[in-house]
Protein chains: 4
Amino acid sequence: MEPEHKLKHQLYIIIFGTHTRAGRAFDITVIIAILLSLLVLILHSLQGVATKWDRELQLAEYFFTGVFTLEYLLRLYCSPKPKAYATSFYGVVDLLAILPTYLALIFPSASFMGVIRLLRVMRIFRILKLVRYLQDSNILLRSLLQSRRKIFVFFSSVAVLVTIFGALIYVIEGPSNGFTSIPQSIYWAIVTITTVGYGDLVPSTALGKAVASLTMLLGYSILAVPTGIITAELSQEISAHRSLVKCPNCSRAGHESDALHCKYCGSELATPEARVVSEDNHSGANHSKASHS
Amino acid sequence: MEPEHKLKHQLYIIIFGTHTRAGRAFDITVIIAILLSLLVLILHSLQGVATKWDRELQLAEYFFTGVFTLEYLLRLYCSPKPKAYATSFYGVVDLLAILPTYLALIFPSASFMGVIRLLRVMRIFRILKLVRYLQDSNILLRSLLQSRRKIFVFFSSVAVLVTIFGALIYVIEGPSNGFTSIPQSIYWAIVTITTVGYGDLVPSTALGKAVASLTMLLGYSILAVPTGIITAELSQEISAHRSLVKCPNCSRAGHESDALHCKYCGSELATPEARVVSEDNHSGANHSKASHS
Amino acid sequence: MEPEHKLKHQLYIIIFGTHTRAGRAFDITVIIAILLSLLVLILHSLQGVATKWDRELQLAEYFFTGVFTLEYLLRLYCSPKPKAYATSFYGVVDLLAILPTYLALIFPSASFMGVIRLLRVMRIFRILKLVRYLQDSNILLRSLLQSRRKIFVFFSSVAVLVTIFGALIYVIEGPSNGFTSIPQSIYWAIVTITTVGYGDLVPSTALGKAVASLTMLLGYSILAVPTGIITAELSQEISAHRSLVKCPNCSRAGHESDALHCKYCGSELATPEARVVSEDNHSGANHSKASHS
Amino acid sequence: MEPEHKLKHQLYIIIFGTHTRAGRAFDITVIIAILLSLLVLILHSLQGVATKWDRELQLAEYFFTGVFTLEYLLRLYCSPKPKAYATSFYGVVDLLAILPTYLALIFPSASFMGVIRLLRVMRIFRILKLVRYLQDSNILLRSLLQSRRKIFVFFSSVAVLVTIFGALIYVIEGPSNGFTSIPQSIYWAIVTITTVGYGDLVPSTALGKAVASLTMLLGYSILAVPTGIITAELSQEISAHRSLVKCPNCSRAGHESDALHCKYCGSELATPEARVVSEDNHSGANHSKASHS
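Residues numbered from 1 in each chain as written. Chains lettered and ligands numbered in written order. Predicted model: local features only at pLDDT ≥ 70, side-chain atom pairs only at ≥ 80, totals over all residues. Heavy atoms only, no water.

## Some details on the overall build of chain A
Let me state the cut-off plainly: Per the convention used, a helix needs a DSSP run of H or I reaching at least four residues, while a strand needs a run of E reaching at least two, with both numbered from the N terminus. The rule is simple: take the accessible area with a 1.4 Å probe, protein chains only, and divide by the maximum for that residue type; under 20% is buried, over 50% is exposed, in between is partly exposed. Note on contacts: a residue pair qualifies if any of its non-hydrogen atoms lie within 4.5 Å across the two residues. Calculation of accessible area relied on Shrake-Rupley with a 1.4 Å probe; when residues are assessed, cover is drawn exclusively from the protein chains displayed.
Per the secondary structure count, chain A includes 14 helices and zero strands. Helices and strands appear in chain A in the N-to-C order α-α-α-α-α-α-α-α-α-α-α-α-α-α. Counting over 293 residues, chain A shows a buried share of 45%. Intrachain contacts of chain A at a sequence separation of at least 6 include 50% that bridge at least 24 residues. Just so you have it, chain A exposes about 14700 Å², and 66% of that area is on carbon and sulfur atoms.

In C-alpha cells, the structure reads:
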C-alpha cells in the first residue's frame, strides 16, 4: 500500500467511521461547529445584536465556512467513491452548508439586499448535517417508508377534504367575511382540520359555523388514521426486532429478548452474551470472533 | 361478436380498465384534466386574476366541461350496465362534475349572481373524480367501516359532551361575553374539545375558565379513543394481510404466524423453514431453487 | 299471575326491554321526544326565535315535560325494584329531565331570572337519556374503566406539569403581560399543553416564549400517553372478544373469528352458526336451546 | 436493639413505609398539607385576596413551612442512609419545598421585590412532593425510559424541522409581518407544528400561507410518531404484565400466551386448561380446588 493510499484510508476511517477514538473526536468537533455556526446565524437575525456585533459575527461566519469547506474537501479526497459521496444526500447537504457564504461574497452586497438575506438564512440548512449523527432514525424512517403508500392515500384524502370544505366555506361565508378566494379558504380548512386554529379566519354566519364544526370533528377523527398507520407499522417493526433469535433445534423464531429456552420445543437458545454480540453484528460491525470464542 | 359490440368492449377495457397501455394513458389524461380544471377554478376565484383573464378562464372551463362530458358519455356508452354506472358513486360524481357549467349557461347570468357563484364553486366536486385512482384507500375504508359502530358511539358521546359543556358555559358566561345562544356555545365547545381553539370565543370569568379547562382536558383524553379504535382495527387488518402463507390443500391465506394447521380445512401447513423462504420470495425474487437445495 | 301483575310485567317488557316490536316502538318514540325537546330548548336560547315564538315553545316544553313525566312514572310503576331504578344513573337522569320545568313553575318568574334561565338550561341534561340507547358504549366504557388508574396517574402528572409551567410563566411574564395570577397562568398552561391555543393569553418576552415552546412540545409528546394507554387496552379488549372459541379437542383458544379448524391440532372447531349464537349468549340472553339443536 | 435505634426504625416504618395504619395516616396528613399550602400560594397570587388576607396567608405559609421542615428533619433523622436520602430526587424536592420561605426571610423584603416574588412562586415545586404518592407512575415512566432513544431522535427531528420552517417563513414573511428574527420564527414554527396555533403570529403572504399549510400538515402527521412509539412500548409492557402464568419449576412469569415451555428453564408449563383457570384466579378469588379437580 503506497503512503498516499494509506493516508487516504486512515482519513476515511476517522472521517466516515465512528468506532475509533479519533473518529469520534472528529464527529464531536463537527457537531459543535454546526451548533455554534447555527448560533451565529440566529444571533445575526436579532436586530440589536446584529448592529452591535456585525463584524464579529461576520468573522465567525467566515471561520465556520472555512471549517466546513475543509471538511467537505477532506471527505471528497478520502472517500473511495468521491462522485457517489458528492451526489449523495449528505454530500449535497455538506455543499449547501458552505455555498451560500461564497455566493454572498460574489454578489455586490449593496445591490441585492434580499438575495443576501436569503443566502444568509439558507445557511440554516447546515442543521441537516446533524441528521448524519442521529442513529435510531433508521427504524423511524423505515416504518415511514413502509407505510408511504398509505400516507400518500391519507394526504390525498386530506387534500380532497380541505378542497371541498374550503369551497363550501367560500360559498357560505364569502369575501366579506375574509374568505376572499378559494386558496384562502383552503388555507382556512387546513388550519381547521389540523386543529391548529390560528383564529385569523373564523366563520361568522351560523351555517359557516356548522360547516366549521363538521370540519373540526372530521379533522379530529381523521387524526386517528395516520397515528393508527404508523403505530401499527412501528409495532411490527419493534416486535420484528425482538424476534431475530432462532431456536437451534426447531428453527422457530419469535422468542422474547430475555428467553433462554425455545417456547415451542424447550431446547436451549443461544446464550444471551452471544446473542448481544449477534445483535451488534446485524448493525454492520464484524465481531464474529467474539461470538465464536 | 359484432363490430359495435367489439368496439364497446375495447373501449370498456381502455376506459374502465387500468392494465392495458391505452387504459393507463386514458387514466393519466383524465387525472391531468381534473387537476388543470381545478386550477382554472381556483384561479377564477382570485380577484386580480379573474378580472384580467376572465375570458380565457371561461374558455378553458368550457373546454374541460367538454372533455368530461365526452368521458361521461363514453363511459355510459361502453359500460355493460349503463344504469348501474349512472347510479354508482363514481357515476354521480362524473355527472356532478359537468352539470354546474350547463346549469350556469341556462340561468341568465345577470339575475342570479349568487347561484352562478354557487354553481361555479360546485365544480370543485370534480376532485372526487380523483378518488377512483386512489388504490390503497380500500384498506383504510374497510377498517373505518369495520369500526363504524364504535365511531358512531364515539361521535354520539362527543355530541352529548359538547351539548352539556356548551349549556354550562352558556349559563356561566352568558350573552354579555359572546355566548349569545346555546348553538353558539356548542360551537365553542366543539372548537375547544377538538383542540382547534380559534380564540374568537373565550371564557372571561374564573368559573368559565375552570369549565373551559375541564373541557380541554376531556377533549385531550377523548382524542385517544378514536385513535385507539382505528389503530386496533388497522393493526388487525395489516397483520391479517401479512400472513401470506397459503394452505397447500385449500389455497386460503390469512393464517397466523405460529399456526401449524390450516384454520379452514385442517391440513398441515408448510414447515416453518419453507415458510421463511416463501416469505422472502414474496418480495419479488424467485429463490425457489434455494429452498429445494 | 294476577291481572295487575301481568300488566306490570308486560309494561316492563315494553319499556325496559328492547326485543319486542312494542318495546322498540316505545324506545324510538322516546328518542324522538328527547331530540325534539332539545330542539325546543335550543330554539328558546336564540334571541330572535324566543321573542317571536315564546308561547309556542313554552307549550311544547310543557308537552314534553308531560311525556317524560309519564315515562318516569310508568318506569317507576312497572319496575320490579322501583327503588333500585330511582337511585340508578338512568333513574336520576330521568328525574333531572323533568324536575327543572316543575321548579320553574314554583319560582315566581319575575324575581329570579337567573334561576329560571339556569333551570331552563339544565333541561339539557335530557340528552343523557340518550346514553341508554348507545349499545356499543360498554366496550368503550370497560376499557376506560380498566385503565382508570393509569388515567388518574396521567391526569395527576398533567396537573403537576401545568402547575409548574403556570408558575414559571407567572414569574417570567408577570401581571403586566396578562398573567395576573397563578390560576390564570395555570389556565394558560392548560390551554397550551392541550394544544388548544386560544391566543387570549400569549407570552411576550423571549424567555416566556422559550418556556411556552417547552410547554407545547411537552404537551405534544404527553398527548401520546393517554392514546397509548387506551389503544393498548382497546386492542386487548378487541382481541379478547375475537378469541372466545375454544378447540373441542385441545381446548386452546385464540382462533380468529373465521377459523374452522384449530390452528394447533387441526381438529374441527364449532360451526360458525353455533358460534354466532354462543357469542350472543355471552351478552346475557339465553338462546341455549338454539345452540343445542 | 437500643431504644433510640428502635424509635428510629419505628419512625422509618411510619414515614417511609405505606403499609402500616400510622404510615398511611402520616402520608394522608402530608398530602393534605401539600394541597393546603398550594392553595395558600395560589390565593396569595390573587390581587384582591392578597391585599385583604395578606397577614393570614403569611402566617399559614409559616405554619406549612414549619410542618414540612419537621417532616424533612424527621426523614433525615430516621433514614438509614441520610446522605442517600438528601441527594435523592425526593430529598431535593423536600428541601426545595422549604428553602424559598427561609431565603425570603433573609433578604430584606423592601429591596428585592422581584426576588421575593420568585421565591414565593418557587414554593410551587412542593407539588412535586405529590409524585411520591403516585403509584402506577412506574409503568408509565418505564415505557418512557425504554423509548428514550427514539424520543430523543423524535425531538431532534422536530428541532431540525422547526428550524428549517422557521428560517423559511422568516425569509418569506420578513420583519414587516411580525417575523422579526429567526428565534421568533422558530417560536412560530413550534406553535404551528404542535397544532397549538395561538394566532399571535400568522403568515400574511400567499407563499407564507403555503409554507404554513405544509408545516401544519407535517406537524399533523409527525404527531403520529411519538404516539406510535409509546403505544407500541406500552402494549408490550402491558401484555408482558398480563401473562401471569408462572413456571412450576423456576417460578418466573412473563411467558407468552401460547408458550408450552418455560422460556427461562425449559421445563413444561401448566397445561392450557389449568392455565385458563389460574388466569381467572388472578382476579382475586381462590378457585385452586377447581383447578385440581
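## Looking at the pattern of salt bridges
Basically, it comes down to this: One side-chain nitrogen of Lys or Arg within 4 Å of one carboxyl oxygen of Asp or Glu is enough to make a salt bridge.
Using the criterion set out here, one finds eight salt bridges over all chains in the structure. Between Arg75 of chain B and Glu71 of chain B there is a salt bridge, with the nearest N and O atoms lying 2.9 Å from each other. Of the two residues, Arg75 of chain B and Glu71 of chain B both sit in helix H3 (residues 47-78), four residues apart, roughly one turn of that helix. The class of Arg75 of chain B is buried, set by a relative accessible area of 1%. Notably, a salt bridge pairs Arg75 of chain C with Asp94 of chain C, separated by 3.8 Å at the nearest N-O pair. Of this pair, Arg75 of chain C sits in helix H3 (residues 47-78) while Asp94 of chain C sits in helix H5 (residues 89-96), placing them 19 residues apart in sequence. When salt bridges that share partners are traced, they join Glu71, Arg75 and Asp94 of chain A into one network.

## Focus: the environment of Glu4 of chain D
With respect to the secondary-structure elements, Glu4 of chain D resides in helix H1 (residues 3-16). Taking the C-alpha atoms as reference points, Glu4 of chain D and Phe89 of chain D, separated by 85 residues in sequence, lie 28 Å from one another.

## Some points on the packing of aromatic side chains
Residue and element names in this part refer to chain A. So the rule is basically this: Each Phe, Tyr or Trp ring (for Trp, its six-membered ring) is paired with any other whose centre lies within 6.5 Å, and the angle between the two planes then decides the class: stacked below 30 degrees, edge-to-face above 60, tilted in between. Ring-over charges, as used throughout, are those where CZ of Arg or NZ of Lys falls within 6 Å of the ring centre and within 35 degrees of the ring normal.
Enumeration over the complete set of coordinates arrives at 24 aromatic pairs over all chains. Grouping aromatic residues by their ring pairs yields a cluster made of Tyr12, Phe16, Tyr72 and Tyr85. Above the face of the Tyr77 ring, Lys8 is positioned so that its terminal group lies 5.6 Å from the ring centre. In this structure, Arg75 packs its charged tip against the face of Phe16, placed 5.1 Å from the ring centre.

## Comments concerning the side chain of Lys209 of chain C
Along the chain, the position of Lys209 of chain C falls in helix H11 (residues 206-222). Not counting the four nearest positions on each side in its chain, Lys209 of chain C is found in contact with Pro203 and Ser204 of chain C together with Gln184 and Tyr187 of chain D.

## Comments concerning the environment of Leu35 of chain A
Mapped onto the elements of the fold, Leu35 of chain A is located in helix H2 (residues 21-45). Put simply, Leu35 of chain A and Ala167 of chain A are 132 residues apart on the chain and 45 Å apart in space, counted from C-alpha to C-alpha.

## Let's talk about the confidence of the model for chain A
Residue and element names in this part refer to chain A. Spelled out, the test is: Note on scores: pLDDT gives the predictor's confidence for each residue, bounded by 0 and 100.
When pLDDT is averaged along chain A, the result is 76; 68% of the residues meet or exceed 70. Per-residue pLDDT, averaged within each element of chain A, yields its smallest value for helix H14 (residues 288-292) (38) and its largest for helix H10 (residues 182-193) (94). In the predicted structure, residues 271-293 sits below a pLDDT of 50 and forms 16 contacts with residues beyond four places in sequence or in another chain. Under the prediction, the complex receives an ipTM of 0.74, its pTM being 0.77.

## Comments concerning the UniProt feature "transmembrane region" (unreviewed entry) in chain A
The following threshold applies: UniProt positions are given in the numbering used here, feature names are shortened, and annotations may be inferred rather than shown by experiment.
Sequence positions flagged by UniProt for "transmembrane region" (unreviewed entry) are, in local numbering, residues 28-47, 97-119, 151-172 and 210-232 of chain A. Helix makes up 100% of residues 151-172 of chain A and strand makes up 0%, while its end C-alpha atoms are separated by 31 Å.

## Looking at H3 of chain B
Residue and element names in this part refer to chain B. Counted only if it meets this: One axis is fitted to the seven residues ending at the residue and one to the seven starting there. The bend at that residue is the angle between these axes.
The largest bend in H3 is about 85°, located at Trp53. Where H3 is concerned, the buried positions are Ala50, Leu57, Glu61, Phe64, Thr65, Phe68, Thr69, Glu71, Tyr72, Arg75 and Cys78. In this structure, the buried residues of H3 make contact with helix H1 (3-16), helix H2 (21-45), helix H4 (82-87), helix H5 (89-96) and helix H6 (99-106).

## Considering unusual backbone geometry
Residues and elements named next belong to chain A. Positive phi outside glycine occurs at Thr195, with the angle close to 60°. Position of Thr195 relative to the elements: it lies in the loop between H10 and helix H11 (206-222). What makes Thr195 buried here is its relative accessible area of 6%.

## Notes on the domain arrangement of chain A
To keep things clear, this is the line we draw: An automatic or database domain assignment provides the domain bounds reported here.
The assigned domain composition of chain A is domain 1 (3-134), domain 2 (145-225) and domain 3 (243-292). Between domain 1 of chain A and domain 2 of chain A, the C-alpha centre-to-centre distance is 40 Å.

## Let's talk about the side chain of Thr163 of chain B
Positionally, Thr163 of chain B belongs in helix H9 (residues 148-173). Ignoring sequence-local partners within four residues, the contact set of Thr163 of chain B consists of Ile186 of chain B together with Ile124 and Ile127 of chain C.

## Topic: a nonpolar patch on the surface
Residue and element names in this part refer to chain C. Just so we agree on the cut-off: Patch construction takes residues with relative accessible area above 30% that form no salt bridge. Like charges are linked within 9 Å, and nonpolar side chains (Val, Leu, Ile, Met, Phe, Trp, Tyr) are linked within 5 Å.
A surface patch of nonpolar side chains, about 800 Å² in accessible area, is lined by Leu59, Tyr62, Leu95, Leu99, Tyr102, Leu103, Leu105, Ile106 and Phe107. Every element with two or more residues in the nonpolar patch is listed here: H3 and helix H6 (99-106). Ranked by residue count, the leading element in the nonpolar patch is H6, at five residues. Within the element layout of this structure, Phe107 appears in the loop between H6 and helix H7 (113-122).

## Some words on the environment of His5 of chain A
Residues and elements named next belong to chain A. With respect to the helices, strands and loops of the structure, His5 is situated in helix H1 (residues 3-16). Judged by its relative accessible area of 45%, His5 is partly exposed. C-alpha separation for the pair His5 and Tyr187, spaced 182 residues apart in sequence, amounts to 57 Å.

## Structural notes on the packing of helix H10 (residues 182-193) of chain C against helix H2 (residues 21-45) of chain D
Our working definition: Axis lines are fitted through C-alpha atoms, for helices just across the contact stretch, and the angle between N-to-C directions can take any value from 0 to 180 degrees. In this scheme, roughly parallel covers angles under 35 degrees and roughly antiparallel covers those over 145, while 65 to 115 is roughly perpendicular and the rest are oblique. Note on residue classes: Ala, Val, Leu, Ile, Met, Phe, Trp, Tyr, Cys and Pro are nonpolar, Asp, Glu, Lys and Arg are charged, and everything else, Gly too, is polar.
The interhelical angle for the contact between H10 of chain C and H2 of chain D, taken along N-to-C directions, is 100°, at an axis separation of 7 Å. Of the possible angle classes, the one that applies to H10 of chain C and H2 of chain D is roughly perpendicular. Counted together, Ile182, Pro183 and Ile186 of chain C of H10 of chain C and Leu41, Ile42 and Ser45 of chain D of H2 of chain D form the full contact between these two elements. Residue classes in the contact of H10 of chain C with H2 of chain D are distributed as five nonpolar, one polar and no charged.

## A closer look at the packing of helix H3 (residues 47-78) of chain A against helix H5 (residues 89-96) of chain A
Each pair of packed helices gets described by two things: the angle between the helix axes and the distance between those axes. All names here are of chain A. What counts, and what does not: Crossing chirality is assigned from the near helix's rotation relative to the far helix, an anticlockwise turn below a right angle marking it left-handed and a clockwise turn marking it right-handed.
The interhelical angle for the contact between H3 and H5, taken along N-to-C directions, is 150°, at an axis separation of 9 Å. As judged from the angle between their axes, H3 and H5 are roughly antiparallel. For the pair H3 and H5, the crossing hand works out as left-handed. The residues of H5 that touch H3, namely those facing Glu71, Tyr72 and Arg75, are Gly91, Asp94 and Leu95. In terms of residue class, the contact of H3 with H5 is built from two nonpolar, one polar and three charged.

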